[in-house]
Structure formats: structure tokens, C-alpha cells
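Below, each chain spelled out in residue letters.
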Amino acid sequence: MVANRYEPRELESKWRTRWEESGLYRTDLSQTPDERLYVLVMFIYPSGAKLHVGHWFNYTATDIWARAQRARGKTVFMPMGYDAFGLPAENYAIKHGIHPAESTAANIADIRGQLAAMGAMWDWDKELNTSAPEYYRWTQWFFLKLLEHDLAYKAEAPVNWCPDCKTVLANEQVVEGNCERCGREVVQRRMKQWFFRITRYAQRLLDGLETIDWPEKTKIMQRNWIGRSEGAELQFALADAPATRIKVFTTRPDTVFGATYMVLAPEHPLVPTLTTAAQRAEVEAYCLAARKATEIERTSTVREKTGAFTGAWAINPFTRQPIPIWIADYVLASYGEGAIMAVPAHDQRDWEFAVKFGLPIVEVVSPDGQEHLAEYDQAYPAQGVLIHSGEFDGLPCAEAGRRIAEQAASRGLGGPRINYRLRDWLLSRQRYWGAPIPMINCPDCGAVPVPEDQLPVLLPREVVFGQAQEGESPLATVPSFVETVCPRCGGPARRETETMDTFVCSSWYELRFLSPGYTDGPFDPEVVRRWMPVSQYVGGAEHAVGHLLFSRFFCKFLHDIGMVPFDEPFAKLNHQGMIRRMAYHCPRHGWIAFETTTPVEGSSSARDCSLCGQRTSVFDAKVSKSKLNSVDTGVYLEQYGVDTFRTYLMFMGHFSDGGVWDDSGIQGIQRFLARVYRLAGTVTVPFATIPRLPEPPTTTAEQEVWRKVNRTVQKVGADLTSFDFNTALAAMMELTNVLVPYADGQPDPTLLAWAVRSLVQLVAPFAPHLGEELWESLGGPYSVVDAPWPAFDPAGLVEDQVTLPVQIGGKLKGTVQVPRDATSEECLAAVLADAKLARLLEGRTRVKEIHVPNRMLNLIVR
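Residues numbered from 1 in each chain as written. Predicted model: local features only at pLDDT ≥ 70, side-chain atom pairs only at ≥ 80, totals over all residues. Heavy atoms only, no water.

(A) Focus on the sheet that holds strand β23 (residues 483-485). Spatially, the 4 strands line up as an open sheet ordered β22-β21-β24-β23, and their pairing is antiparallel. The sheet is open, and its two borders are formed by β22 (446-449) and β23, each paired with just one other strand. Direction aside, the axes of adjacent strands within the sheet are offset by 45 degrees on average. Note that β23 and strand β24 (residues 492-495) share 3 bridges and pair antiparallel. Its bridge partner being in β24, T484 is matched across the sheet by A493. (Pairing = 2+ DSSP bridges. Helix = DSSP H or I, 4+ residues; strand = E, 2+ residues; numbered from the N terminus. Axes fitted to C-alpha atoms, helices over the stretch in contact; angles between N-to-C directions.)

(B) Structural context of the nonpolar core. Counting 185 residues, the largest nonpolar core has F143, F196, W425, W661 and F725 as its most contacted members. Here this core gets 12 residues from one element, more than from any other, and that element is helix α22 (residues 725-744). When residues no more than four places from it in sequence are discounted, the contact partners of F725 are A61, I64, W65, M650, F655, L720 and F766. Counting residues in hydrophobic clusters, the runner-up holds 50 residues, among them I246, F309, A328 and V365. (Core = buried A, V, L, I, M, F, W, Y, C linked by side-chain atoms within 4.5 Å. Buried < 20%, exposed > 50% of the residue type's maximum accessible area, 1.4 Å probe, protein only. Contact = heavy atoms within 4.5 Å.)

(C) Molecular detail of the pattern of salt bridges. One pass over the full model with this rule turns up 44 salt bridges. In this structure, the salt-bridge partner of E734 is K708, at a minimum N-O distance of 3.0 Å. Of this pair, E734 sits in helix α22 while K708 sits in helix α21 (residues 700-721), and the two are 26 residues apart along the sequence. Judged by its relative accessible area of 16%, K708 is buried. (Salt bridge = Lys/Arg side-chain N within 4 Å of Asp/Glu carboxyl O.)

(D) Region of the structure containing the packing of helix α5 (residues 133-148) against helix α17 (residues 547-560). Put simply, α5 and α17 touch, their axes get as near as 12 Å, and they point 65 degrees apart. Seen along the crossing, α5 lies across α17 with a hand that is left-handed. Here α5 contributes F142, K145 and L146 to the contact with α17, which in turn contributes F553, F554, F557 and L558. (Left-handed = near helix turned anticlockwise from the far one by under 90°.)

(E) Layout of unusual backbone geometry. Cis geometry marks the peptide bond from L455 to P456, where omega comes out at 0 degrees. Position of P456 among the secondary structure elements: in the loop between β22 and α13 (479-482). The omega torsion across M532 and P533 is 5 degrees, close enough to zero to call that bond cis. When you line up the elements, P533 lands in the loop between α16 (525-531) and β26 (536-539). A positive phi angle, close to 60 degrees, is found at D150, a residue other than glycine. The phi angle at D821 is positive, at roughly 65 degrees, despite the residue not being glycine.

And the structure:
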């Protein structure tokens with residue numbers, strides 16, 4: 001029997017201790033169960049000391065889903081670890097004046113305790129820490145394997161530089177021109193950096209999206225990021241140096257006869273060599289200014305076009321006419337070849353540029369084969385037929401484009417080509433807290449990989465921050481680390497001082513979780529073969545073109561070299577929505593906490609900064625430490641307990657939508673759980689005699705309960721499978737509202753016991769501690785998580801009443817409630833008993849009745 005009062009903290013501590021002592025959530029991965037399920041959440045950055053409410057929202061939902069699957073007979077493996085390297089952890093350590101290794105270890109210890117308190121099914125035997133040498137040894141090993149297969153290289157290129165974080169960023173880490181970490185505007189620099197050739201996998205990354213069960217919006221984001229374009233490469237020779245050719249990629253080769261000038265990106269490598277002496281000063285000044293503009297600014301369609309003439313000329317390969325070569329910042333080095341053939345009559349950006357600088361505009365595509373240029377005040381970008389295009393005149397654009405591309409190929413001037421927007425993955429970071437890139441720079445041998453038997457290249461502990469030159473890693477200031485010998489010639493050499501992007505660490509962690517102590521390789525291939533790919537992955541949609549794309553690339557590479565038998569790491573993916581809360585920004589003090597604001601009299605939302613009195617800006621923002629609008633979960637856990645907090649989070653809104661944090665409803669959730677607790681105390685039937693699925697009862701009251709339990713079991717089971725946790729909870733609350741008054745009357749004890757047992761099992765995934773306590777009180781065997789999921793009778797899903805639409809003279813006038821399969825007479829009686837419908841029939845003669853059982857009643861009257 002349960003105690004008289006629901007005391008969550010006492011029973012939660014009791015059950016967590018028992019789970020740990022019994023090893024309830026440890027999974028034997030050496031076995032091959034028939035229905036194995038690898039469940040994974042995106043692991044946590046231990047950059048701060050506490051879990052925030054977003055972690056609770058994500059991890060609770062995944063745990064609920066996994067518990068329901070285990071109750072259905074699946075063998076579930078659900079590990080947890082720490083994405084411990086990276087810029088957030090380093091910045092946290094610098095801010096607090098301690099070493100990153102110490103702060104990370106302390107934060108992990110604190111977070112581990114909070115994760116354990118969550119009551120989730122973590123298998124703590126498989127815990128991971130990416131900053132541990134035994135882990136990053138294999139991150140470095142993967143780098144060497146990619147290098148061995150010509151998929152890692154170092155090159156000078158335009159890169160994204162964050163002035164605040166003092167490091168380069170991959171394109172995927174720049175959001176609307178700003179650093180995704182600190183929000184600072186990113187600038188362009190040319191630097192020599194390490195890259196992974198993810199572009200070689202562009203088409204396979206696209207094709208693979210058709211084979212995985214992921215949200216369509218995520219697939220669309222990846223398709224757009226990869227950006228497949230079909231077109232042609234065309235080559236334009238320099239007028240005074242025909243051997244030198246400028247390559248362009250165009251999706252409209254049909255317009256080549258209208259190319260009246262060329263535009264190169266300011267970063268194009270040919271710009272310094274082809275610029276004439278007379279134009280050099282202007283071009284260099286323009287290139288300098290272009291480096292200060294963000295990519296978004298440069299590609300804006302409303303920004304006024306700017307440019308500089310190089311003084312050089314190219315030859316249009318089809319018109320054979322010389323055309324001037326300009327540079328302009330609306331052309332990006334990262335797209336195509338960093339050069340375009342400008343066709344102002346049929347591209348709006350080119351039109352605006354040509355108009356501003358007085359360049360020729362030649363119409364080559366017409367909607368009807370006639371000239372219309374004199375009528376236009378902007379470009380005509382649509383399809384049509386060619387004019388002023390020599391032998392291709394009169395051809396439709398598609399056919400002309402194909403023939404022009406083929407002729408370019410036959411003349412050695414290019415040909416058909418597929419282009420991708422995706423750029424290679426820039427992985428160098430000018431920071432300390434990361435996996436060192438395992439390369440050695442020898443003055444005689446060049447860049448030499450560290451031999452595998454010398455891995456890991458360990459991070460030195462004696463690093464000092466703030467002394468490295470800008471653009472250098474703090475590792476450059478540690479002579480004992482930098483100075484080494486060349487593995488090939490034995491001469492003095494210097495280690496690579498940059499570290500790897502933390503996304504390299506997280507691109508393969510799902511493999512290591514399965515064998516974290518394995519020493520013969522990065523993972524045990526036999527265990528990976530049995531348990532991979534991940535059955536269910538859950539995490540933020542913000543990683544769609546970062547972590548999720550990089551992990552797919554890694555997996556395809558490992559498949560290619562025979563290390564795994566699959567080429568997609570995550571079979572199914574779900575995204576959680578964001579938990580949002582009001583955030584306040586003071587013009588003087590920046591982001592300030594709620595407690596640092598003062599309500600404005602007469603306003604429900606406006607607030608002044610209590611430090612300086614200035615009016616703050618109010619934002620409905622994602623909960624985050626940086627915006628000082630975090631939710632202190634500890635307060636709610638102490639007052640209400642873990643189960644109430646878990647359940648309340650799931651009731652806030654749909655999992656994929658998230659919600660606005662508002663604690664006004666949390667007491668209602670605790671009252672709901674307390675009602676379930678009291679219901680369990682009303683059961684008097686021995687557990688062994690409770691039927692798994694009782695026969696339909698004969699009395700009306702029992703039939704109502706029987707149907708409600710069956711419908712709730714069916715709905716909750718379906719909702720949990722699809723991550724619809726809020727509607728599942730609503731259904732359980734409705735069931736509770738039916739059971740409480742039934743239990744207070746003269747219930748059938750066996751039916752009540754079956755109903756309460758079913759309810760306890762449905763609640764248990766949300767409130768696992770309470771579920772265990774009530775299951776034990778009912779007499780059930782340990783543990784409720786391994787009890788078979790409640791069954792339902794399909795006959796119990798059928799409603800005994802239906803809502804019947806009523807038409808009068810073919811027009812809908814109302815509805816009535818009638819028994820299912822009611823006769824025409826019964827339906828008519830219900831209509832006449834309805835005051836509104838009866839008034840509409842007064843004084844009228846019924847000519848005919850059209851009755852479709854359970855669907856409609858139409859009364860024809862005169």
C-alpha cells in the first residue's frame with residue numbers, strides 16, 4: 001500500500017538508489033537481442049556548472065520515448081557523455097581564471113550529478129568525455145586516416161575570422177554573418193588552414209537523405225546547404241595571354257552570347273596578376289574594403305553595386321569579342337570558380353552593375369523570338385528562345401544550353417558540369433582547448449603526419465593564455481610542445497599548433513559510446529555492426545548543417561574504407577523545440593537578468609534597468625545563459641520533485657515546437673500526479689489476479705470506464721511513438737477525471753484495479769520514480785519499466801455515441817447525440833427533443849427523411 005501522502009523527494013531518492021544498485025539501466029552490448037534499440041541525445045557541452053531547462057526538455061522527452069519502447073519489449077541502450085572540448089569550455093575557464101582541464105572536470109562532475117537526478121535510463125558504464133586523451137587519440141587517428149585518403153589538406157583560402165573568439169570558423173558556424181557562439185560580426189581573412197574534403201561527398205550526402213527518417217525541414221536545409229546546380233563550365237582566355245583562362249560556372253550557358261563583361265571576386269587568385277599598373281591602386285583599395293563586408297552584405301539584392309575595373313580584357317569564347325574584366329564584391333570566391341560571365345540583359349545584379357558603370361547590355365533570350373530590350377527597365381531572367389546567338393538562334397533555352405555546353409567541351413573550353421554550394425570543412429582552430437592536429441612541420445620534409453604509435457599528441461598543461469599573437473593558438477607559446485623532431489629525417493621541427501574544430505570530436509562519438517574502453521581501435525567493430533546505426537537520435541535543429549552534416553560525412557568515409565557496414569549514422573531523427581523566456585537588454589549594461597529590471601508603471605511588459613534606469617528592450621528569446629534568462633531548475637526540483645518537473649515540461653507544448661516558460665501550471669501537474677498516487681491506494685485486488693485485458697462489462701458505468709481506459713491506452717501509446725507527449729498527458733488526465741469519481745463510488749474492484757494498473761504504466765515513463773513506487777504498491781514485480789506495455793481491446797475504441805449532423809432541406813442546421821447505429825426513428829426522436837431543431841420544424845410537413853447511419857440525417861420539408 002502507498003503512504004497517505006505523495007512525498008516526491010523521498011521516493012525519488014529511494015528509487016534512484018535502487019536503480020543504480022541493481023544496474024537496471026545497464027545494457028549488455030555483447031548480446032544480439034532480437035529488437036535492439038540504440039537511443040541517443042546530442043550530448044552536452046560542459047561549459048557551465050548546470051544543466052539548463054532546454055537540456056531537461058530534450059533529455060526527458062527522449063527518456064520517455066525510450067521507456068515506452070522498453071516496455072514494448074525492446075532492448076534499449078541509452079548512453080550519455082560530454083562534448084568537452086571547444087571554445088565555450090575554454091572561454092568559461094579563462095573567465096573564471098582556472099585551467100580548462102580543471103574547470104571541465106569540475107563541471108562534468110556537477111553535471112553528472114544533475115543528469116543522474118533526472119531519473120533517465122542512462123547507461124553510466126558507457127560514459128564518454130571527448131577531452132580525455134583516450135578519446136581524442138582516436139580523433140587524431142581519424143585525421144590521419146582522412147589525410148591518408150587525400151581528404152585532409154592544408155591550403156590558403158579566404159576564411160571567416162571572429163575577432164572576439166580569435167579563431168576561424170567553418171561556414172556552418174556563421175549565422176547571418178555573425179559568429180554562432182558570441183554573435184560578433186565575422187570578417188574575411190586569407191589564412192593557411194586545414195580542411196576536410198567534404199565536397200567529394202556532396203552528391204552522396206544528397207542521395208543519402210532519401211534513405212533516412214528525418215524531419216523534412218532538416219533534409220531541405222541540408223539540400224539547400226549542399227546546393228546542387230546543373231550547368232556548364234566555360235573558359236574565357238585573357239586577351240593578352242591566351243594560355244591563361246578564367247573558368248566560370250553558369251547555370252545558364254544559353255546566355256553566353258550576352259556576356260558583355262566578366263566579374264571576379266576580389267579574392268580571386270588571378271586578380272593581382274591580371275590587374276594593370278594603371279588600375280592597381282584602385283583595385284587594391286577595393287579589395288581591402290571588400291574584406292570588411294560580410295557575405296550577407298555582399299550578396300544583398302538591395303545593396304548598391306560597387307566594383308573596380310582591372311584594366312584587363314578576356315575573350316568571350318563564343319562571340320570571340322573582347323570583354324572587360326571587373327572585380328565586384330557581389331561575386332564570392334566560395335561559389336563556383338569565384339568568377340562570373342556577366343549577362344546584364346538576363347540577370348538583375350548584372351543589369352544594375354552594367355547600368356551603373358555604362359557597360360553594354362545585349363539581349364539574347366526573347367519570350368517570342370523578337371527584340372524587346374528597348375521596352376525593358378530591368379533584366380529578363382525567364383526562359384524563351386535565343387536571339388543574337390549565331391547558329392543557336394531560335395532554339396529554346398534548354399536545348400541551346402545543352403548544345404553550347406557540348407560545343408564548349410568539344411573545343412576544350414569547358415563543358416557540362418554539376419556544381420555544389422557546399423565548401424570544404426575548415427577544421428583549424430586558433431585555440432588551446434581542442435584535439436591537437438597531429439602534424440609536424442619540418443623545414444626539409446614539409447608537413448609530416450605524426451606516426452600512429454605516437455598518438456595521442458597530448459595537450460600541455462602549462463599553457464598561458466593571452467600571450468599568443470593574433471591568429472595563433474596559445475599552443476604556439478609553449479616551447480616544450482612546439483619544438484620536436486621530424487619523424488622522417490630526425491631533424492628539428494615544429495608541431496602544428498592549431499587544434500581541431502570540436503565538431504570533429506562529435507562526428508563519431510555515436511560509435512565510441514558502444515565500446516568506450518576499447519583500445520585496439522576507435523571502436524569495437526563487432527559491437528558497432530550489431531547495434532548501429534542509431535535507432536533514434538534527438539537534438540536541436542540548429543545543428544542541421546553542422547554536426548548532422550559532418551557526422552554523415554564521417555560515416556560515409558568510414559563505410560568507404562571498410563570500417564562500418566552502413567553509411568548513415570542516424571536512422572531516425574527528431575528535433576526538440578526551443579524553450580523561450582523573456583530576455584531584457586539594457587543599452588548600457590547589455591543583457592541583464594530579470595531581477596535587475598524594474599516594472600514600468602502602467603505596463604505589463606515594459607521594464608527599466610534598475611542599475612541605470614534606462615528602458616530595456618524586451619525579447620521573447622531562447623533560454624540561454626548568455627541572455628541571462630535561464631530557468632533555475634534547482635528551485636523547481638527542490639519544491640516539486642523531479643517527476644513533476646519532467647511531466648510539466650512535457651505538458652508545456654508539442655515537443656517539436658517548444659514553448660514559453662511559465663511556471664503557473666506546475667502545481668496543477670503535481671496535483672495530477674498526487675491524484676494518480678491516491679488512486680493506487682484504492683486498489684484492493686491482488687496483483688496476480690488483475691487481468692491483462694478484461695472482458696467488456698455489462699453495466700453502463702463500467703462500460704464507460706472500460707472504454708475510456710482502452711481509448712487512453714491506444715492514444716498514449718500512439719502519441720509517445722510520435723513524440724506527442726502533451727496530448728498523451730491530456731488523455732491521461734481525462735482518464736484520471738473518470739477514475740476518481742468511479743473509485744469514490746461502488747466500483748467493480750477488478751475493473752478498477754485493471755484501470756489503475758494501466759494508468760500507472762502510462763504515467764511511469766513521464767514520472768518514473770512515482771511509477772516504480774505505485775507499481776510496487778500494487779504488487780507488481782521489479783521493475784515497471786520491464787512490465788509489458790498495457791494492452792487495449794479494439795472494441796473499446798468504438799464510441800457508444802456519435803455526433804450526427806442534421807440537415808433541414810439540405811442545409812446543415814445542427815447536430816444531435818445518438819447511439820451508434822441508431823435507427824431513423826431514434827435519430828428523429830433526438831431531433832424533436834432538441835429545442836432549437838424542433839422550433840425549425842414547427843408548422844412544417846416532413847416529406848422525406850434521408851438517413852445515412854452514423855453520418856447524417858436530412859429532413860425534406862415543405
